[in-house]
Amino acid sequence: MNFSQQLSWVCDSLSSKSLAESLFFMGSVVGGPFFGCLADQKGRKMALYASNILAAISGTVIVFFSNFYFFCLCSFFLGSTIISQINIIYILSEYGCEH
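Here is a short report on the structure shown in this document.

Parameters at a glance
Residues numbered from 1 in each chain as written. Predicted model: local features only at pLDDT ≥ 70, side-chain atom pairs only at ≥ 80, totals over all residues. Heavy atoms only, no water. Phe/Tyr/Trp six-rings, centres within 6.5 Å; stacked < 30°, edge-to-face > 60°. Buried < 20%, exposed > 50% of the residue type's maximum accessible area, 1.4 Å probe, protein only. Helix = DSSP H or I, 4+ residues; strand = E, 2+ residues; numbered from the N terminus. Expected span 1.5 Å × (residues − 1). Bend = angle between axes of the 7 residues up to and from the residue. Patch = residues over 30% accessible without salt bridge, like charges linked within 9 Å, V, L, I, M, F, W, Y side chains within 5 Å. Areas by Shrake-Rupley, 256 points an atom, 1.4 Å probe, with all protein chains shown as cover. Salt bridge = Lys/Arg side-chain N within 4 Å of Asp/Glu carboxyl O. Arc of directions from axis to C-beta.

**Focus on the packing of aromatic side chains**
To describe a pair of aromatic rings, you give the distance between the ring centres and the angle between the ring planes.
Then step 1. Evaluation of the coordinates by the stated rule reveals four aromatic pairs.
Then step 2. Relative to F35, the ring of F34 has its centre 5.0 Å away and its plane inclined at 80°; by these criteria the two rings are edge-to-face.
Then step 3. With a centroid separation of 5.7 Å and an interplanar angle of 70°, the aromatic rings of F68 and Y69 are classed as edge-to-face.
Then step 4. Assessed through its relative accessible area of 24%, F68 is described here as partly exposed.

The structure is reproduced here in structure tokens:
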């Protein structure tokens, strides 16, 4: 038995896998506009910092719990940060920053 099986990380349920993946992408749908508005109001760097902090926290916490619903919640938060990190970094590299 390997480490993943000991912590019950192996999921044989296809519907559970689909739910977790769907929540990750739903996080992208919610996080894009959220961090976009944050970037408009507080600046791109602040939005990027907030997105990175949320990704670091949820990405670290997700490995310590074996509860599926908590995994889905952290997956949602991770998904919300991914698209905003890509977009903000692209905008900063393309147009630079004034500061």
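**Here we look at helix α2 (residues 14-42)**
Then step 1. Here α2 is 29 residues long and its end C-alpha atoms lie 41 Å apart, about the 42 Å a rise of 1.5 Å per residue gives.
Then step 2. The principal kink in α2, of about 30°, is found at G31, preceding the proline P33 by one to four residues.
Then step 3. When α2 is considered as a whole, its buried residues turn out to be S16, A20, G27, S28, G31, F35 and A39.
Then step 4. Two residues or fewer after α2 comes G43, characterised by a positive phi angle close to 110°.

**A word on a nonpolar patch on the surface**
Then step 1. On the surface, M26, V29 and V30 cluster together into a nonpolar patch covering about 260 Å² of accessible area.
Then step 2. Its place among the elements puts M26 in helix α2.

**Topic: the environment of K45**
Then step 1. One can find K45 in helix α3 (residues 44-61).
Then step 2. Spatially, the C-alpha atom of K45 lies 9.1 Å from that of I89, the residues being 44 residues apart in sequence.

**Let's talk about α3**
Then step 1. The end-to-end C-alpha distance of α3 is 26 Å, a good match for the 26 Å that 18 residues give at a rise of 1.5 Å each.
Then step 2. All of the buried residues in α3 are A47, L48, S51, A55 and S58. Looking down the long axis of α3, one finds its buried residues gathered within 110° of arc, a one-sided arrangement. Of the exposed residues in α3, the ones pointing more than 90 degrees away from its buried face are I53 and I57.

**Concerning the environment of E21**
Then step 1. Checked against the element boundaries, E21 lands in helix α2.
Then step 2. For E21, a relative accessible area of 42% gives the class partly exposed.
Then step 3. Note: C-alpha distance between E21 and G79 (58 residues apart in sequence) is 9.3 Å.

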